[in-house]
Amino acid sequence: GVMNILVLRYTPGEGFVFKGSDVMFLGHHLATILYMSSCRILKAGHISAFACMFWGEFTNPLFNSYLICEIAKNLDCCQGPFAQQVMANIEFACAVLFVIIRSVVGPLLTGFHVAGDLLFSKTARANMPLVLRILFALMIWGVLLGSIPYIYSFIDIIKKHTGDDTSQEL
């Protein structure tokens, strides 16, 4: 993912020209590298890394399907009503799943349970330095809080698909 952004954002003669969301994307991946590398070096914290990756990437298959549909939409073969309906269904499923994972599952399982375990469990206290446990908890919550604008965007998509888009009435 990081290499894709770097390749896409490089302009000969100008260097890297980043968009606003690119900084968050790159920061997220740098934090992930730090988290996973620290777990490997300490030989501890790997379960928390697995939990964060599992729930963080849970929506990835649907998002990849959506991106494939976006690309296919620009081809002559894939502009019919069936393709449009498939794309709409995938977009709706992506939105619902993202909102559930990032606003309910993520905070409960990774935010409170995993971060709480990192900070307060006897095993974590015995195997990881306090500074690193605090850093891991802050990174977990940073990703969760950084998701909030995207949650609102996906709620708007859900409203669009359910016909509950009252934002146009204001």
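As a reminder, the structure under discussion sits directly above these lines.
Residues numbered from 1 in each chain as written. Predicted model: local features only at pLDDT ≥ 70, side-chain atom pairs only at ≥ 80, totals over all residues. Heavy atoms only, no water.

Participant: Which residues make up the nonpolar core, and what values do they have?
Facilitator: In this structure, Tyr35, Cys39, Leu118, Met128, Phe136 and Ile140 are the most contacted members of the largest nonpolar core, which totals 14 residues. Considering each element in turn, this core owes the most residues, six residues, to helix H7 (residues 130-146). Those residues in contact with isoleucine 140 that lie beyond four places of it in its chain are Tyr35, Cys52, Thr110, Gly111, Val114, Ala115 and Leu118. Phe98, Val99, Ile151 and Phe154 belong to the second-largest nonpolar core, a separate cluster that totals seven residues. (Core = buried A, V, L, I, M, F, W, Y, C linked by side-chain atoms within 4.5 Å. Buried < 20%, exposed > 50% of the residue type's maximum accessible area, 1.4 Å probe, protein only. Helix = DSSP H or I, 4+ residues; strand = E, 2+ residues; numbered from the N terminus. Contact = heavy atoms within 4.5 Å.)

Participant: An account of the packing of aromatic side chains is needed here, citing residue identities and associated values.
Facilitator: Tallied over the entire structure, the rule returns eight aromatic pairs. Taking 4.9 Å as the distance between ring centres and 80° as the angle between the ring planes, the aromatic pair formed by phenylalanine 54 and tryptophan 55 counts as edge-to-face. Of the residues examined, phenylalanine 54 reaches a relative accessible area of 46% and is grouped as partly exposed. Exposure remark for tryptophan 55: the relative accessible area of 22% places this residue in the partly exposed category. On the basis of an interplanar angle of 45° and a centroid distance of 4.7 Å, the ring pair of phenylalanine 98 and phenylalanine 154 is categorised as tilted. One end of the pair, phenylalanine 98, is in helix H5 (residues 81-120); the other, phenylalanine 154, is in helix H8 (residues 148-162), and 56 residues separate them in sequence. Accessibility assignment for this pair places phenylalanine 98 and phenylalanine 154 in one class, buried. The rings of Phe54, Trp55 and Phe58 are connected pair by pair, giving a single aromatic cluster. (Phe/Tyr/Trp six-rings, centres within 6.5 Å; stacked < 30°, edge-to-face > 60°.)

Participant: Tell me what's going on with a nonpolar patch on the surface, and back it up with residues and numbers.
Facilitator: Taken together, the side chains of Ile100, Val104, Leu108, Leu109 and Phe112 make up a nonpolar region of the molecular surface, amounting to roughly 460 Å² of accessible area. Tracing the sequence through the fold places isoleucine 100 in helix H5. Given a relative accessible area of 41%, isoleucine 100 falls into the partly exposed group. (Patch = residues over 30% accessible without salt bridge, like charges linked within 9 Å, V, L, I, M, F, W, Y side chains within 5 Å. Areas by Shrake-Rupley, 256 points an atom, 1.4 Å probe, with all protein chains shown as cover. Salt bridge = Lys/Arg side-chain N within 4 Å of Asp/Glu carboxyl O.)

Participant: Outline the side chain of glutamate 91, listing residues and values.
Facilitator: Of note, glutamate 91 is situated in helix H5. A polar contact is formed between the side chain of glutamate 91 and the side chain of lysine 160, at a distance of 3.2 Å. In contact with glutamate 91, not counting residues within four places along its chain, are Tyr66, Ile157, Lys160 and His161. (Polar contact = N/O pair within 3.5 Å; in protein donor to acceptor, adjacent residues only side chain to side chain.)

Participant: Describe the packing of helix H2 (residues 20-42) against H7, with residues and values.
Facilitator: Between H2 and H7, the least distance of the axes is 11 Å, while the angle of their chain directions is 150°. One element, H2, and the other, H7, form an angle in the roughly antiparallel class. Handedness of the crossing formed by H2 with H7: left-handed. Side by side, H2 and H7 meet where Met24, His28, Ala31, Leu34, Tyr35, Ser38, Cys39 and Leu42 of the first sit next to Leu132, Leu135, Phe136, Met139, Ile140, Val143 and Gly146 of the second. Class assignment for the residues of the contact of H2 with H7 results in 12 nonpolar, three polar and no charged. (Axes fitted to C-alpha atoms, helices over the stretch in contact; angles between N-to-C directions. Parallel < 35°, antiparallel > 145°, perpendicular 65-115°, else oblique. Left-handed = near helix turned anticlockwise from the far one by under 90°. Nonpolar A, V, L, I, M, F, W, Y, C, P; charged D, E, K, R; others polar.)

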